[in-house]
Each structure stands twice: as structure tokens, then as C-alpha cells.
Amino acid sequence: NSMKQSPIVTTAEMREIERLADDAANPTYAQMMRNAGQAAARVIFERIRRSPRFNPRAPSETRVVVLCGKGNNGGDGLICAKELARLGVSPQIYMLVVNARRQPSPITDFVRATLKDLISDGIYIDGVEATGDGRLQRLGDLWSLLIRADVVVDALLGSGVSRPIEGDLREM
């Protein structure tokens, strides 16, 4: 079962692609994120459907874990989860929710609005709490889900990461 590989682009190239897409079709950045999350969900769902383990009468039995950060990439992941739920899959969403000072981490307006939409749709969102010392509370729950997952969606970091991943985020 061979997978077609996609080209890899640098951070600068990705920003230019986003700028050109914005200029060409003039969508809002939020709409581009919605489009990205929905497209990712459709690709994931098509691959799930081709799996011999897929039960078309019970797509919710497919175990999908979506790991989300607080930024725009996390927003893409939340949209992906929402679209997967619309397609009948029941994604388990985990967010890294607390920063090193044990205060709620700031989230983007898009992520905040998307979280409200998911909650109003009845989609459960769980959080992995950062302790600030590189350990995460409830990590055992997450590890057990990851081990059993059919698909893991990594929406923790985006294309703008420019330094080594450390601390709580590395642990997650």
C-alpha cells in the first residue's frame, strides 16, 4: 500500500503560498483555515474508508485523536475534528491548555470561536494540563488513546516553528 508523497516546503515558502492564495481568491485567513481543516478531514476520511478495519455502518468506531495547540494550527485541527464528526467519525480532541505559569494560555480568536462551535455541537474537548516542568498531567489518558488510535492528527504546531520544541509541548 504505497502513499503518494507530497512536496515539502520551507516556512518562508509556506507563507508565500498562503499570501498568494489570499491574493488570488481573497478569502479571509479564517476561511483559509476552515478550508484547510475541512480538506484534511476529507483526505483522512477517504483513507479511513479504504481501511479493511473500517465499518461503514459504524464509522464512529474509528478511533481518531486530534492533538491541538492554542494557535491557528490548533484551529485547523479543531475544524478537521468538526468535519470528521460531520462525516460520522467521533474524534477525541486533546488540547494543551495551560502554560508554564499554570495560567490559561492565550488562544486565538479563531480557536476560541471554533471551540464554542464544537461545544455547541456536542463535541467533547479534553485538555492535557501542562505543569510547567516538562510533565503533563493526564498524559496517561492520552497515551492510552494514542496507542489504540487508528489515526492521530497533529495540529499542535504550524509552519512557523523556528526553534527546537521543548518542555510541555515536547512531552505532548
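Here the structure is shown first, and the text comes after it.
Scope of this entry: the structure provided in the associated data block.

Conventions adopted
Residues numbered from 1 in each chain as written. Predicted model: local features only at pLDDT ≥ 70, side-chain atom pairs only at ≥ 80, totals over all residues. Heavy atoms only, no water. Helix = DSSP H or I, 4+ residues; strand = E, 2+ residues; numbered from the N terminus. Buried < 20%, exposed > 50% of the residue type's maximum accessible area, 1.4 Å probe, protein only. Contact = heavy atoms within 4.5 Å. Areas by Shrake-Rupley, 256 points an atom, 1.4 Å probe, with all protein chains shown as cover. Salt bridge = Lys/Arg side-chain N within 4 Å of Asp/Glu carboxyl O. Axes fitted to C-alpha atoms, helices over the stretch in contact; angles between N-to-C directions. Parallel < 35°, antiparallel > 145°, perpendicular 65-115°, else oblique. Left-handed = near helix turned anticlockwise from the far one by under 90°. Nonpolar A, V, L, I, M, F, W, Y, C, P; charged D, E, K, R; others polar. Phe/Tyr/Trp six-rings, centres within 6.5 Å; stacked < 30°, edge-to-face > 60°. Pairing = 2+ DSSP bridges. Right-handed = clockwise from strand over helix to strand, strands pointing away.

**Considering the overall build of the protein chain**
Helix and strand counts for the protein chain stand at six helices and five strands. For the protein chain, the α and β elements follow one another from N to C terminus as α-α-β-α-β-α-β-β-α-β-α. Burial status across the protein chain gives 33% buried among its 172 residues. Sequence-distant contacts in the protein chain: of pairs separated by 6 or more residues, those separated by 24 or more amount to 77%. Split by element, the accessible area of the protein chain, about 10800 Å² in all, is 51% carbon and sulfur.

**Looking at the pattern of salt bridges**
Counting across every chain of the model gives five salt bridges. In this structure, Asp150 engages Arg63 in a salt bridge whose closest nitrogen and oxygen atoms are separated by 3.5 Å. Of this pair, Asp150 sits in the loop between helix H5 (139–148) and strand S5 (151–155) while Arg63 sits in the loop between helix H2 (29–49) and strand S1 (64–68), and the two are 87 residues apart along the sequence. The exposure class of Asp150 is partly exposed, given its relative accessible area of 32%.

**A look at the packing of helix H3 (residues 72–86) against helix H4 (residues 109–120)**
Running from amino to carboxyl end, H3 crosses H4 at an angle of 20°, the nearest separation of the two axes being 9 Å. One way to sum up the angle between H3 and H4 is to call them roughly parallel. Between H3 and H4 lies a crossing of left-handed hand. Counted together, Gly74, Gly75, Leu78, Ile79 and Lys82 of H3 and Phe110, Val111, Thr114, Leu115, Asp117 and Leu118 of H4 form the full contact between these two elements. Residues of the contact of H3 with H4, tallied by class, amount to six nonpolar, three polar and two charged.

**So, the packing of aromatic side chains**
Taken as a whole, this structure holds one aromatic pair when the rule is applied. On the numbers, 6.0 Å between centres and 90° between planes, the contact of Phe45 with Phe54 is edge-to-face. Grouping residues by exposure puts Phe45 and Phe54 together as buried.

**As for the side chain of Thr114**
Secondary-structure assignment places Thr114 in helix H4. Beyond its immediate sequence surroundings of up to four residues, Thr114 is in contact with Leu78 and Ile79.

**Remarks on the pairing of S1**
Along S1, five of the five residues are buried, which leaves the element largely enclosed by surrounding structure. Relative to S5, S1 runs parallel, the two sharing five bridges. Following the sheet pairing, Val65 is matched in S5 by Val152. Bridge count for S1 against strand S2 (residues 92–96) is four bridges, and the pairing is parallel. Its bridge partner lying in S2, Val65 is registered against Gln92. A crossover connection joins S1 to the parallel S2 through H3; in handedness this β-α-β unit is right-handed.

**Re the environment of Gly74**
Within the secondary structure, Gly74 sits in helix H3. Residues Gly74 and Leu156, spaced 82 residues apart in sequence, show a C-alpha to C-alpha distance of 5.7 Å. Excluding residues within four positions of it along the chain, Gly74 makes contact with Cys68, Gly69, Val111 and Ala155.

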